[in-house]
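# Structure assessment
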Amino acid sequence: MTDRLPDTVAWRGELEGHLELLDQTLLPHTVEVLQLRDVAAVIDAIRRLCVRGAPAIGVAAGYGLVLGVRERRPLPNALRDCAREVAALLLAARPTAVNLQWALDRCLAALGEEPTLARLFAEACAIHADEEAMSRSIGEHGKALIRPGATVLTHCNAGRLATAGDGTALAPMFAAWRDGVRFRVFADETRPLLQGARLTALELHREGIPVQLLADGAGAGLIARGEVSLVIVGADRIARNGDFANKVGTYPLALACAAHRVPFYCAAPVSTFDMSLANGRLIPIEERDATELTTLAGRRIAPAGVGARNPAFDVTPHGLVTGFVTDVGVLQPPFDAAVKRSRVPGR
Ligand code: MRU
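Residues numbered from 1 in each chain as written. Predicted model: local features only at pLDDT ≥ 70, side-chain atom pairs only at ≥ 80, totals over all residues. Heavy atoms only, no water.

### A word on the nonpolar core
Judged by nonpolar contacts, the single largest core of 44 residues is most densely connected at Leu19, Leu65, Val69 and Leu90. For this core, the secondary-structure elements that each account for two or more residues are strand S1 (9-12), strand S2 (18-22), strand S3 (33-36), helix H1 (39-47), helix H2 (54-72), helix H3 (79-91), helix H4 (98-113) and helix H5 (117-142). Considering each element in turn, this core owes the most residues, eleven residues, to H2. The contact partners of leucine 65, leaving out residues within four places of it in the chain, are Ala83, Val86, Ala87, Leu90, Leu104, Cys107, Leu108 and Leu120. (Core = buried A, V, L, I, M, F, W, Y, C linked by side-chain atoms within 4.5 Å. Buried < 20%, exposed > 50% of the residue type's maximum accessible area, 1.4 Å probe, protein only. Helix = DSSP H or I, 4+ residues; strand = E, 2+ residues; numbered from the N terminus. Contact = heavy atoms within 4.5 Å.)

### Re the sheet that holds strand S8 (residues 237-239)
Across the sheet, four strands lie side by side as S11-S8-S9-S14; this open sheet has mixed pairing. Strands with a single pairing partner mark the edges of an open sheet, and in this sheet they are strand S11 (273-274) and strand S14 (313-316). Pairing of strand S9 (residues 244-247) with S14, which is carried by four bridges, proceeds in the antiparallel orientation. Across the sheet, phenylalanine 244 pairs through a bridge with threonine 316, a residue of S14. (Pairing = 2+ DSSP bridges.)

### Some thoughts on the domain arrangement of the protein chain
Accessible area lost upon the coming together of the parts is a frequently used measure of interface size. Looking at the assigned domains, one finds that the protein chain contains domain 1 (9-135) and domain 2 (139-342). Computed from C-alpha atoms alone, the centre-to-centre distance between domain 1 and domain 2 is 25 Å. Contacts between domain 1 and domain 2 engage 26 residues on the former and 34 residues on the latter. In total, domain 1 and domain 2 occlude about 2300 Å² of area from one another, counting both sides; carbon and sulfur atoms represent 54% of this. (Domains from an automatic or database assignment. Buried area = accessible area lost by both parts, 1.4 Å probe.)

### Some remarks on the site of the ligand
Surrounding the ligand, one finds 19 residues, the nearest of these being Arg52, Arg94, Gln195, Asn246 and Lys247. For the ligand, an oxygen atom lies 2.8 Å from a polar atom in the side chain of arginine 52. Backbone polar atom of alanine 54 to an oxygen atom of the ligand: 2.9 Å apart, as the coordinates give it. Summarising the interface, the protein chains cover 100% of the accessible area of the ligand, which totals 420 Å² for the free molecule. (Near = heavy atom within 4 Å. Polar contact = N/O pair within 3.5 Å; in protein donor to acceptor, adjacent residues only side chain to side chain. Areas by Shrake-Rupley, 256 points an atom, 1.4 Å probe, with all protein chains shown as cover.)

### A short note on the packing of H1 against H2
Here H1 crosses H2 at 155 degrees, and the two axes come no closer than 8 Å. Judged by the inter-axis angle, H1 sits roughly antiparallel to H2. Touching Val39, Val42 and Ile46 of H1 are Ile57, Ala60, Gly64, Leu67, Gly68, Glu71 and Arg72, all from H2. (Axes fitted to C-alpha atoms, helices over the stretch in contact; angles between N-to-C directions. Parallel < 35°, antiparallel > 145°, perpendicular 65-115°, else oblique.)

### Re H3
Three- or four-residue spacings in an α-helix give side chains the same orientation, since the helix completes a turn every 3.6 residues. Taking 1.5 Å per residue as the helical rise, H3 with its 13 residues ought to reach 18 Å, and the 18 Å between its terminal C-alpha atoms agrees with that figure. If you check which residues of H3 are buried, you get Leu79, Cys82, Ala83, Val86, Ala87 and Leu90. All buried residues of H3 lie within an arc of 135 degrees about the axis, which places them on one face of the element. (Expected span 1.5 Å × (residues − 1). Arc of directions from axis to C-beta.)

### Section: the sheet that holds strand S7 (residues 230-233)
The strand order across the open sheet built from seven strands is S6-S5-S4-S7-S10-S15-S16, with neighbouring strands paired in mixed fashion. Lying at the two open borders of the sheet, with one neighbouring strand each, are strand S6 (211-214) and strand S16 (329-331). Going across the sheet, the axis of each strand differs from the next one's by a mean of 25 degrees, ignoring polarity. By the bridge criterion, four bridges tie strand S4 (residues 151-154) to strand S5 (residues 184-188) in an arrangement that is parallel. Each bridged residue has a counterpart across the sheet, and for threonine 154 the counterpart in S5 is alanine 187. The sheet strands contacting H5 are strand S10 (264-267), strand S15 (323-326) and S16, and the helix crosses S15 at an angle near 135 degrees. Its contacts with the sheet put helix H7 (residues 195-207) on S4, S5 and S6, and the angle it makes with S6 is roughly 170 degrees.

### Digging into helix H9 (residues 250-259)
The complete set of buried residues in H9 reads Thr250, Leu253, Ala254, Ala256 and Cys257. Buried residues along H9 cover an arc of 165 degrees about the axis, so they all sit on one side. Where H9 terminates, the next one or two residues include arginine 261, which has phi positive at roughly 55 degrees.

### Comments concerning the pattern of salt bridges
Counting across every chain of the model gives 21 salt bridges. One salt bridge in this structure joins aspartate 166 and arginine 178, with 3.0 Å as the shortest N-O distance. With aspartate 166 in the loop between S4 and helix H6 (171-178) and arginine 178 in helix H6, the pair connects residues that are twelve residues apart, well separated along the chain. One salt-bridge network, held together by shared partners, links Arg106, Glu113, Arg119, Glu123 and Asp130. (Salt bridge = Lys/Arg side-chain N within 4 Å of Asp/Glu carboxyl O.)

Now the structure itself:
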């Protein structure tokens, strides 16, 4: 397929413009772009996963902050306090992806230098451009991991729909494919919201990369049978020892890879490292509504009266990770030392 999907996140116009988000809840069947002009709409879009994926949430939050401050029209001397209030609202939208906090902190720091709406807008645009560049770098650093004839397994969606560029876990795949390397991909369907089936499969298929869906429980068995060359996943937050949170179902894949000596990589920009957290037990894990599990396409599938536990993420311990593919290079264990040596910003 050659026609491009609309941008995952876009700002139209200058300071008086508006935010556009591709509504990912409707993909792959319906392509609809949301036009957002106030922060409440941005928060709702983040909560409902119209925009999702750690880097894309960060970019959307930066623009959301611009909209929230703009609509409140604070006097110049109240602008920073106003921005802090709006940032707290955005931060509460989803707890696990640290890029949300990182982008908001970066915008608030910019206001410390120059407390104007114009400066805030410039910072939101800069975050957007930086996230695009980091995708390119992750792709370039990670593409050598994919050898001709490989079968790569991925979980959830860490592609163009999750970032401002080519993605994180999918960026090395797009880069290798552009270089003429031929391989195939297993995409976990990723229950309960099917980001793998709806989004990853869509992105890879449109690019012409052979992709087959897997039921989430199938990966370990195929890894054990030697049918998977390597696993690459994204991350929502990485503690400074290398433990990381990603979509629920990532940890079992890491266990299976360790048991069968299959390389397991996590691809993420340095903005996904949270240096304030010593280990993964401290990462806040979002719990989502039980109806995401008890219903399917709006229809109840569990017996009436049966509830569900719905953690949206799990934590993979650093000992199971072969390497982190970042925008500053591939980090090898021991990760705490590698993180210190790299340009991972402290918080
Ligand atoms: O709940 P989601 O769809 O926002 O979860 C997304 C993931 O878990 C991704 O793997 C992660 O954010 C990395 S995206 C580059």
